[in-house]
Amino acid sequence: MPLLSKTTTGYYKKMRGKPSEDAVLCKEYADFCLLACSDGHGDAKCKYARRGAELAVWVGDKVIREVRERCETIQDFAKELNDTREQIFQRIVCAWTEAVLDDYKIHHGEDTAFCEKYKELLRYSRVIYEVRDEVMPAREYQKLAQYRFDCENDIYKITLFYGTTLNVAVVCDKFVFALGIGDGDVIAVNGKRVEWLLPSADQFDTNPDSLCGRFSSLIRNFHAVLVPITAGRRIKDNRFQPEFVLLATDGLRNAFLGDAEFADKMLEIAELLRKGGGHTFAKSAQQWIEERAQFGVTQDDVSFCLHTKHALRPPRGKKGARKGS
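What comes next concerns the included structure. No experiment lies behind these values; they were computed from the predicted model shown. (Residues numbered from 1 in each chain as written. Predicted model: local features only at pLDDT ≥ 70, side-chain atom pairs only at ≥ 80, totals over all residues. Heavy atoms only, no water.)

### Regarding the overall build of the chain
Stage number 1. Per the secondary structure count, the chain includes 11 helices and 10 strands.
Stage number 2. For the chain, buried positions account for 49% of its 325 residues.
Stage number 3. Accessible surface, the chain: about 16300 Å² in total, of which carbon and sulfur atoms supply 49%. (Helix = DSSP H or I, 4+ residues; strand = E, 2+ residues; numbered from the N terminus. Buried < 20%, exposed > 50% of the residue type's maximum accessible area, 1.4 Å probe, protein only. Areas by Shrake-Rupley, 256 points an atom, 1.4 Å probe, with all protein chains shown as cover.)

Following this line, the structure appears as structure tokens:
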């Protein structure tokens, strides 16, 4: 299962000596691949956004692996992902929040007030993000409601420092599952079409949803989908056999003049992969995104991770054959 990930700092940030705030992760497991992509917010309030993005992709991978470990077969895995998508998202938010609180405690131990409240916030992050109102006795919930609200405000003050988006995808030979909060793109090139698996934000959107948002907003605004991969030949319009699945921060799509130009480039890459040019694309991908980051419309950080059914390395023996010619 060929995988590829690339990231670069936006030209505007490079000129100011600032690092990229994106994070990407690609992992291959026994029967599926995991792709994750996060875009830390550039807002001055989100001063640890780069670390927030790193924690987000790590948590996304961790939670998905835990789901797989509970499932006996890949079919069970698909059913669990599809049926419990909301609970999976809640676990991601909770695990990311706890990771942020841990990180903040490690690096800000001098904040005595925070350290005294740390365990309390950690415990109530589970109440906020994991306990669903309908399964909690009404009287007990009423007692917790105000305290829960106060704790959420305290947690939000810290998670805001780490603000980031997150998109995660599971790809295997049976299905593609995608889950996300905030902007960025999750696309599949399916035949001659570019399909957005999750709803795309408006191009150049400057106010995306975030993992650091308040829970009531998060649970309304996350997106998830499971798309079965079609076996054999079917009517073309109903077939889903992607050439590649790509997750990208919004810096990639925003580096083009519009969605049509972006989609054309995705189709161009798919055609190159189909014709056996995967190794050419893999070799030139870093230069390509660096040019996009410099000469594109927004000069933002640009990052992507990609899964394809086509080879990304030269055929065996090809390199040796060139040497002997």
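### Observations concerning the nonpolar core
Stage number 1. Formed by 50 residues in total, the largest nonpolar core has its most connected members in Ile64, Phe77, Leu81, Trp96, Val170 and Phe175.
Stage number 2. For this core, the leading source of residues is helix H4 (residues 85–107), giving 10 residues.
Stage number 3. Excluding residues that lie within four positions of it along the chain, Phe77 makes contacts with Phe32, Ile64, Val67, Arg68, Cys71, Val170 and Phe175.
Stage number 4. With 25 residues, the next largest nonpolar core counts Ala248, Leu252, Met266 and Ala293 among its residues. (Core = buried A, V, L, I, M, F, W, Y, C linked by side-chain atoms within 4.5 Å. Contact = heavy atoms within 4.5 Å.)

### Regarding the pairing of strand E5 (residues 175–181)
Stage number 1. Of all 7 residues in E5, 7 are buried, a share of seventy percent or more.
Stage number 2. Judged by which residues are buried, E5 turns out to be covered on both faces: Phe175, Phe177, Leu179 and Ile181 on one side and Val176, Ala178 and Gly180 on the other are all buried.
Stage number 3. Where strand E4 (residues 166–171) lies against E5, 6 bridges are found, and the strand directions are antiparallel. Following the sheet pairing, Ala169 is matched in E5 by Ala178. (Pairing = 2+ DSSP bridges.)

### Things to note about helix H3 (residues 74–83)
Residues separated by three or four positions in an α-helix point in the same direction, a consequence of the helix having 3.6 residues per turn.
Stage number 1. What H3 keeps buried is the set Ile74, Phe77, Ala78 and Leu81. Taken around the axis of H3, the buried residues stretch over an arc of 100 degrees, which confines them to a single face. (Arc of directions from axis to C-beta.)

### Observations concerning the pattern of salt bridges
Stage number 1. Across all of its chains, the model carries 19 salt bridges by this definition.
Stage number 2. Lys27 is paired through a salt bridge with Asp61; the nearest N and O atoms lie 3.3 Å apart. On the criterion of sequence distance, the pair formed by Lys27 in strand E2 (residues 22–28) and Asp61 in helix H2 (residues 49–69) is long-range, its members being 34 residues apart.
Stage number 3. On the basis of relative accessibility, which here comes to 33%, the residue Lys27 falls in the partly exposed class.
Stage number 4. A residue is classified by how much of its surface remains accessible, and Asp61, at 1% relative accessible area, is buried.
Stage number 5. Across the pair Lys275 and Glu271 runs a salt bridge, and its minimum N-O distance is 3.5 Å.
Stage number 6. Residue class for Lys275 comes out exposed when judged on its relative accessible area of 66%.
Stage number 7. Classification of Glu271 as partly exposed rests on a relative accessible area of 26%.
Stage number 8. Sharing partners across several salt bridges, the network here consists of Arg50, Arg51, Glu54 and Asp103. (Salt bridge = Lys/Arg side-chain N within 4 Å of Asp/Glu carboxyl O.)

### Observations regarding the environment of Tyr156
Stage number 1. Inspection of the secondary structure assignment puts Tyr156 in helix H6 (residues 138–159).
Stage number 2. Placed 57 residues apart in sequence, Tyr156 and Gly213 show a C-alpha to C-alpha distance of 7.2 Å.
Stage number 3. Setting aside its immediate chain neighbours within four residues, Tyr156 contacts Cys212, Gly213 and Arg214.

### Description of the packing of aromatic side chains
Stage number 1. Under the counting rule described, the total for this entry stands at 12 aromatic pairs.
Stage number 2. Measuring from centroid to centroid gives 5.2 Å for Phe32 and Phe77, while their planes differ by 55 degrees, and the two rings are tilted. Here the residue Phe32 occupies a position in the loop between E2 and strand E3 (33–39), and Phe77 occupies one in helix H3, the gap between them amounting to 45 residues. Exposure class is identical for Phe32 and Phe77. Each is buried.
Stage number 3. Grouped by ring-pair contacts, the aromatic residues Tyr29, Phe32, Phe77 and Phe175 constitute a single cluster.
Stage number 4. The ring of Phe161 has Lys47 lying over it, and the distance from NZ or CZ to the ring centre is 4.7 Å.
Stage number 5. Lying across the ring of Phe256, Arg292 places its NZ or CZ 4.5 Å from the centre. (Phe/Tyr/Trp six-rings, centres within 6.5 Å; stacked < 30°, edge-to-face > 60°. Lys NZ or Arg CZ within 6 Å of the ring centre and 35° of its normal.)

### Quick look at the sheet that holds E3
Each strand in a sheet pairs with another by means of backbone hydrogen bonds, the pair being arranged parallel or else antiparallel.
Stage number 1. Read across the sheet, 5 strands follow the order E2-E3-E4-E5-E8 without closing on themselves; strand pairing throughout is antiparallel. The strands lining the two open edges of the sheet, one partner per strand, are E2 and strand E8 (223–228). Across the sheet, the mean angle from the axis of one strand to that of its neighbour is 10 degrees, orientation sign disregarded.
Stage number 2. Bridge count between E5 and E8: 6 bridges; the pairing is antiparallel. (Axes fitted to C-alpha atoms, helices over the stretch in contact; angles between N-to-C directions.)

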